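Below are the chains, spelled out letter by letter.
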Amino acid sequence: MPPSISANVAAADMRRLGNAEPLEPYPGRARDPWMCRHIPCNQIIYPNRNNVMNGQGACIWCAPNAPKNPEAAAAAMLEHGLIVLVDFLGTGKPWLSQCVEAGHIVAPRYDNVTGRAGGCRFCKRYGPGDPHEAVADMRAVGFRPLEPFKNISSPWLSLCERCQKISTPRLNNVRNRGECCQHCARYGLDPGAPARLYILSHAEYAAVKIGITGLRTREDRVARFQSHGWVPFAQIQFATGAEAYRVEQKVIKLIRAEGHPVFLRDAQMPVGGYKETFDAAQISVGRLLALAEAER
């Protein structure tokens, strides 16, 4: 059966309505795949004229929520300053990545990064960190840096001008909280004051964590972790910080002795505490709680 329309008309329709340049003769039927090049993205596509005439678009790569070539998607993320750490799951799914500039671990969506000028949420909020501004901000709250600036999320060896002790605050914490010397600020753990031991889990990282915090500190440590995707499993209160610290360290020592190393990296924990993390596939939150209860 001869085609119902001429090849010239069909090609004109594809160019006009689909922004697609045919690369082979018209197949003769409106529902047959037709090899074309999509002019805006230069991809080779196989639309059918019927869909294009009905307004469905020609290019599967440029459609909303369209599939993407994983390698091309990773390259696009890198152009926006992100190194992807896991396989591509889709345009609208969180994609675990590392910020090139500051080393932050984030999980932005591909469509937000490429279509809405997205990127590292920490750098967008705090900036990647200019060394001169970084030193000035540290000096403004009483810290004298003792080593060159790395990035806003890494521990920075510094001297506290108030207590004259060495500390390792993170610049993003300093900018967010102000004074945060572990020795003289009320963010630290008071050995003689009431404290609590907490156990958390993180689904995306497949990790569990144990930690301690004072009950009278200005910072709600558990809430800070929750804002980064951690979910509380259990908390145990102690009369003193010293007792909470003893139990926490005993649990960590027991698990490390079994051969379970630190699971997460420092860059994955912008609020600190990476040394107390474990692989959830090996150590459960229930086991952490049982060990802590046994050491009370």
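Enquirer: Sorry, what's going on with a nonpolar patch on the surface here?
Expert: A contiguous nonpolar surface patch, about 400 Å² in accessible area, is contributed by Leu78, Ile83, Leu85, Val86 and Val100. Topologically, Leu85 is positioned in the loop between β4 (82-84) and β5 (97-99).

Enquirer: It is not clear to me how the sheet that holds strand β10 (residues 195-202) should be interpreted in this structure. Could you clarify?
Expert: Within a sheet, each strand pairs with its neighbour through backbone hydrogen bonds, oriented either parallel or antiparallel. Read across the open sheet, the four strands follow the order β12-β10-β11-β13; overall the sheet is antiparallel. The open sheet is flanked by β12 (231-238) and β13 (277-279), the only strands paired with a single partner. On average, each strand axis in the sheet is tilted by 20° relative to the strand beside it, whichever way the strands run. Here helix α9 (residues 241-257) sits on the sheet and contacts β10, β11 (207-214), β12 and β13; the angle it forms with β11, its principal contact strand, is near 160°. Set on the sheet, helix α10 (residues 285-295) makes contact with β10, β11, β12 and β13; between it and β12 the angle comes to about 5°.

Enquirer: What exactly am I supposed to notice about the sheet that holds strand β2 (residues 36-38) here?
Expert: Taking strand neighbours across the sheet as the criterion, the three strands line up as β1-β2-β3 in an open arrangement whose pairing is antiparallel. Of all strands in the sheet, those bounded by a partner on one side alone are β1 (20-22) and β3 (44-45). Inspection of the sheet shows β1 paired to β2 by three bridges, in the antiparallel sense. From the neighbouring strand, Pro22 faces β2, where its bridge partner is Cys36. Its contacts with the sheet place helix α1 (residues 7-18) against β1 and β2, and it is angled at close to 160° to β1.

Enquirer: Would you mind going over unusual backbone geometry with me for this structure?
Expert: Positive phi is not limited to glycine here, since Asn19 has a value of about 55°. Mapped onto the secondary structure, Asn19 falls in the loop between α1 and β1.

Enquirer: I would appreciate a short explanation of the layout of surface pockets in the present structure.
Expert: Taking a probe equal in size to a water molecule and rolling it over the atoms shows the remaining empty space. The volume enclosed by the second largest pocket comes to roughly 220 Å³. Forming the walls of the second largest pocket are 15 residues, and the residues nearest its centre are Pro47, Gly57, Ala58, Cys59 and Ile60. Within the lining of the second largest pocket, the residues separate by chemical class into 10 nonpolar, five polar and no charged.

Cut-off values and rules
- Residues numbered from 1 in each chain as written.
- Predicted model: local features only at pLDDT ≥ 70, side-chain atom pairs only at ≥ 80, totals over all residues.
- Heavy atoms only, no water.
- Patch = residues over 30% accessible without salt bridge, like charges linked within 9 Å, V, L, I, M, F, W, Y side chains within 5 Å.
- Areas by Shrake-Rupley, 256 points an atom, 1.4 Å probe, with all protein chains shown as cover.
- Salt bridge = Lys/Arg side-chain N within 4 Å of Asp/Glu carboxyl O.
- Helix = DSSP H or I, 4+ residues; strand = E, 2+ residues; numbered from the N terminus.
- Pairing = 2+ DSSP bridges.
- Axes fitted to C-alpha atoms, helices over the stretch in contact; angles between N-to-C directions.
- Contact = heavy atoms within 4.5 Å.
- 1 Å grid on protein atoms, 1.4 Å probe; cavity = no way out; pocket = protein on both sides within 12 Å on 5 of 7 lines; lining within 4 Å.
- Points joined across faces, edges and corners; volume = space filled by probe spheres on them.
- Nonpolar A, V, L, I, M, F, W, Y, C, P; charged D, E, K, R; others polar.

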